[in-house]
Amino acid sequence: MQELIHTLIDMLTSWGYPGMFVAAFLAGSVVPFSSEAVLLVLLMLGLDPLRLLLVATVGNTAGSMFNYWIGTFGRIEWIEHYLHVRPERVAQMSRWMEHYGAWIGLVCFLPFVGSAVSVTLGFMRANPWFSTCTICLGKGVRYAFIILAVTQL
């Protein structure tokens, strides 16, 4: 499995910016993938940090909005089976959504809970435009911190 991941990372980094988009999309969706590895390799190869920030943020946000779209189907059985999000996690995220609204999209960048949050936003029919904005903001800030940390070393 580890060899497959390394092969995928090598392939995506050879694609440059489109590879960054695909890696970020996969990582933003329910696929267990780390876009940070691709980002770091592309930074080391000298690609423009600002363009990488934009491409990674858009790709990762698109992946989360894919989750949102799946959540709009509202079938807990599908969410549990295909997305491997437990009903308890959706219930917990639903309680948070009731309290914080679509602002909860700011934490979609977090590992493990990010996918559940984006699915729940769709499941709860949160405003899609506002959800997209909060998700994008949270993910953009995370990528910016990573890029700043790497480029300042």
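Above: the structure in question.
Residues numbered from 1 in each chain as written. Predicted model: local features only at pLDDT ≥ 70, side-chain atom pairs only at ≥ 80, totals over all residues. Heavy atoms only, no water.

Help me understand a nonpolar patch on the surface in this model?
Together, M11, W15, F21, V22 and V58 line one region of the surface with nonpolar side chains, adding up to about 420 Å² of accessible area. The class for V58 is partly exposed, based on a relative accessible area of 49%. (Patch = residues over 30% accessible without salt bridge, like charges linked within 9 Å, V, L, I, M, F, W, Y side chains within 5 Å. Areas by Shrake-Rupley, 256 points an atom, 1.4 Å probe, with all protein chains shown as cover. Salt bridge = Lys/Arg side-chain N within 4 Å of Asp/Glu carboxyl O. Buried < 20%, exposed > 50% of the residue type's maximum accessible area, 1.4 Å probe, protein only.)

Is there a simple way to think about the environment of L53 in this case?
Relative to the helices and strands, L53 is located in helix α4 (residues 49–71). For L53 and F73, which are 20 residues apart along the polypeptide, the C-alpha to C-alpha distance reads 31 Å. (Helix = DSSP H or I, 4+ residues; strand = E, 2+ residues; numbered from the N terminus.)

Would you explain unusual backbone geometry in this entry?
Backbone phi values are negative for most residues with the exception of glycine, while trans is the configuration of most peptide bonds. Unlike most non-glycine residues, R125 shows phi in positive territory, near 60 degrees. Given the relative accessible area of 52%, R125 is considered exposed.

Could you clarify how one ought to interpret the packing of aromatic side chains in this entry?
Counted by the stated rule, this structure contains 4 aromatic pairs. An angle of 75 degrees between the planes, with centres 4.9 Å apart, marks the rings of W69 and F73 as edge-to-face. Through successive ring pairs, a cluster of aromatic residues spans F25, F66, W69 and F73. Directly above the ring of Y17 sits R51, whose terminal nitrogen or CZ lies 4.0 Å from the centroid. It is R142 that lies over the ring of Y143; its NZ or CZ is 4.3 Å from the centre. (Phe/Tyr/Trp six-rings, centres within 6.5 Å; stacked < 30°, edge-to-face > 60°. Lys NZ or Arg CZ within 6 Å of the ring centre and 35° of its normal.)

I would appreciate a short explanation of the nonpolar core in the present structure.
One broad rule of soluble globular proteins: the nonpolar side chains tend to lie buried together. Core analysis: the biggest nonpolar cluster contains 18 residues, and M20, V38, L39 and L52 have the highest contact counts within it. Setting aside anything within four residues of it in sequence, one finds L52 in contact with Y17, M20, L39, L42, L43, L47 and I147. In this structure, M65, C108, L121 and A126 belong to the second largest nonpolar core, which totals 10 residues. (Core = buried A, V, L, I, M, F, W, Y, C linked by side-chain atoms within 4.5 Å. Contact = heavy atoms within 4.5 Å.)

Mind showing me how you'd approach helix α8 (residues 128–151) here?
One turn of the α-helix equals 3.6 residues, which is why residues spaced by three or four share an orientation. With 24 residues, α8 extends 34 Å between its outermost C-alpha atoms, agreeing within 8% with the 34 Å of an ideal straight helix rising 1.5 Å per residue. Taken as a whole, α8 has its buried residues at S131, T134, I135, G138, K139, G140, R142, Y143, I146 and I147. Here the buried face of α8 lies against α2 (17–28), α3 (35–44), α4 and α7 (113–123). Regarding α8, its N-cap is N127, as a side-chain oxygen of that residue lies 2.8 Å from the backbone nitrogen of W129 further along. (Expected span 1.5 Å × (residues − 1). Polar contact = N/O pair within 3.5 Å; in protein donor to acceptor, adjacent residues only side chain to side chain.)

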